[in-house]
Amino acid sequence: MSSRGYAVTGRSGVSRAATRVTMVLAAGALMVGCVPSTSSPQQAVDQSATPSSTSASPTTDPTKAVRAEADRLAASYDYGKAVRLLKGVAGSESQISTIEAAKAAAKRFPDNTTISHLFYHSLIVDTKRAFASPTAKGYDDYMATVGEFRAHLEDLYDRGYVLVSPERIGQLDETGTMVPSPIYLPPGKTPFVLSIDDVSYYEYMKVDGFAQRLVVNPRGEVVNDYVDAAGQKHQGRYDVVPIVDDFVTKHPDFSYRGDKGTIGLTGYNGVLGYRTSVREYGDTPTTRSEIAKATTVATAMRADGWRFASHSWGHINFTTDSVASLRADAQHGAPRSNPSWARPRNLSSPSARTSPG
Ligand SMILES: [Zn+2]
């Protein structure tokens, strides 16, 4: 167990203590807790929230496509899979030997308990609306803007940080003891865990300049619906998930074997921008439709390297709330009352409270 701070200085001059990290490798669950960053208001709509671009058209040469995929796998440190893919592909010997050399140069990360955890909430798209809202203080204290987040990603990448899922860090052995799992990276690369709490697009945020929800677009990409101050609807990259997806597509070496981040879900306003809570919204055709839509998005996200954790159903306080209320909260989040979700193994503790006591 250990904790350490991590400060980010963006190229744009954004400087902040991004998060303080405590990771507890506990029997049966990996708990991550965090203290959110502070942010400075910007007084204009963030121009760096851009629509998603059109994907490149697929190549018609199958060998070329296989080689490109092998390069992408090797860039994301999945050397074995890359080599297996190239086996039997004529003329790929030199590509295989390049990948084998990269594999030989990779070193085991020495101490998984020192892996940093960086945490965000949903990003502010329209700073003008966010900082004019009754919740402006909270947004200023706990949220980052799209522009700040993009600067952080560039900075993390420049420093050699690589996304890794918590599940990659350790596993229980047969005695129930958490043991570290090996992570092999080239010299100069450092794994880190990214988590995003809530991503509920809560009802109170609806007109405050945030995205509305996550959706799967016709190209199969997970993007956001966003409504601007004039009521105009947009679809594109307006929050952490699609921005990270795009960044990893451009920089496969920012992700360890395709890992992305972990979403800490609550339930009381539904999930991912869909009002899925039967308890809150009733067992109606509308709720069931919302559950189906959210499930489609979550399935696409899981397939693309994202993971889900519990952030408690009602955003409760794990330090001061009674055991009875913790039990009740866990029941509200159980699959029976929130059927789109299997019970998660990880906990992203609300309100930065991680003390096992
Ligand atoms: Zn939270």
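Per-chain numbering applies: the sequence of each chain, read as written, is numbered from 1 onward. Local features are withheld for residues below a pLDDT of 70 in this predicted model, meaning they are given only at 70 or higher, and side-chain atom pairs are given and counted only at 80 or more; totals for whole chains, interfaces and linings count all residues.

1. Examining the overall build of the chain
To keep things clear, this is the line we draw: Strands here mean DSSP runs of E at least two residues long; helices mean DSSP runs of H or I at least four residues long; both are numbered from the N terminus. Think of it as a crowd count around each C-beta: if 20 or more other C-beta atoms lie within 10 Å the residue is buried, if 12 or fewer it is exposed, and in between it is partly exposed, with C-beta placed from the backbone throughout. Once C-beta atoms are placed from the backbone, any two residues with those atoms within 7 Å are in contact.
Counting secondary structure elements, the chain contains 10 helices and 16 strands. Taken over 357 residues, the chain has a buried fraction of 40%. Expressed as a percentage of contacts within the chain between residues at least 6 apart in sequence, the contacts between residues at least 24 apart total 68%.

2. Observations concerning the sheet that holds strand β12 (residues 222–227)
Inclusion rule: For two strands to count as paired, DSSP must find a minimum of two bridges between them. Between the N-to-C directions of two axes lies an angle of 0 to 180 degrees, each axis being a line fitted to C-alpha atoms and, for a helix, fitted only over the stretch in contact.
The strand order across the open sheet built from three strands is β11-β12-β13, with neighbouring strands paired in antiparallel fashion. Strands at the two margins of the open sheet, each flanked by one partner only, are β11 (213–216) and β13 (233–236). If you compare each strand with its neighbour and ignore which way they point, the axes differ by 35 degrees on average. Here four bridges tie β12 to β13, and the two strands are oriented antiparallel to one another. From the neighbouring strand, Tyr-226 faces β13, where its bridge partner is His-234. Strands in contact with helix α7 (residues 240–250) are β11 and β12; relative to β12, the strand with the most contacts, it is inclined by about 135 degrees. Along the sheet, helix α9 (residues 285–303) makes contact with β11 and β12, crossing β11 at roughly 75 degrees.

3. Notes on unusual backbone geometry
One non-glycine residue, Arg-257, lies in the positive phi region at around 55 degrees. Structurally, the position occupied by Arg-257 is in the loop between α7 and β14 (262–265). Classification of Arg-257 by C-beta neighbours within 10 Å gives partly exposed; the count is 19. Positive phi, close to 55 degrees, is recorded for His-315, a residue that is not glycine.

4. Considering α9
Applied cut-off: An expected span of 1.5 Å times one less than the residue number is assigned to each helix.
Here α9 spans 27 Å end to end across 19 residues, near enough to the 27 Å set by a 1.5 Å rise per residue. Elements that come into contact with the buried residues of α9 comprise β11, β12, α7 and β15 (307–310). Phi turns positive, to about 100 degrees, at Gly-305, one or two residues after α9.

5. Structural notes on the pairing of β11
Of the pairings in the sheet, the one linking β11 to β12 comprises four bridges and is antiparallel in character. Counted as the bridge partner of Arg-213 is Asp-225 from β12. Where β11 hands over to β12, the hairpin turn is made up of five residues, of which Gly-220 adopts a positive phi near 85 degrees.

6. Considering the environment of Thr-190
With respect to the helices and strands, Thr-190 occurs in strand β10 (residues 190–197). Residues Thr-190 and Tyr-157, spaced 33 residues apart in sequence, show a C-alpha to C-alpha distance of 9.9 Å. Beyond its immediate stretch of four places on either side in the chain, Thr-190 contacts Gly-160, Tyr-161 and Val-162.

7. Let's talk about the environment of Ile-316
With respect to the secondary-structure elements, Ile-316 resides in the loop between β15 and α10 (323–332). Ile-316 gets classed as buried once you count the C-beta atoms within 10 Å, which come to 22. A sequence separation of 10 residues divides Ile-316 from Leu-326, and the C-alpha atoms of the two residues are 7.8 Å apart. Ile-316 has contacts with Asp-321, Ser-325, Leu-326, Asp-329 and Pro-350, leaving out every residue within four places of it along the chain.

8. Focus on the pairing of β15
Because side chains alternate across β15, one face comprises the buried residues Arg-307 and Ala-309, and the other comprises Phe-308 and Ser-310, equally buried. In this sheet, β15 lies alongside β14 in parallel orientation, the contact comprising four bridges. Residue pairing in the sheet places Leu-265 in a bridge with Ser-310 of β15.

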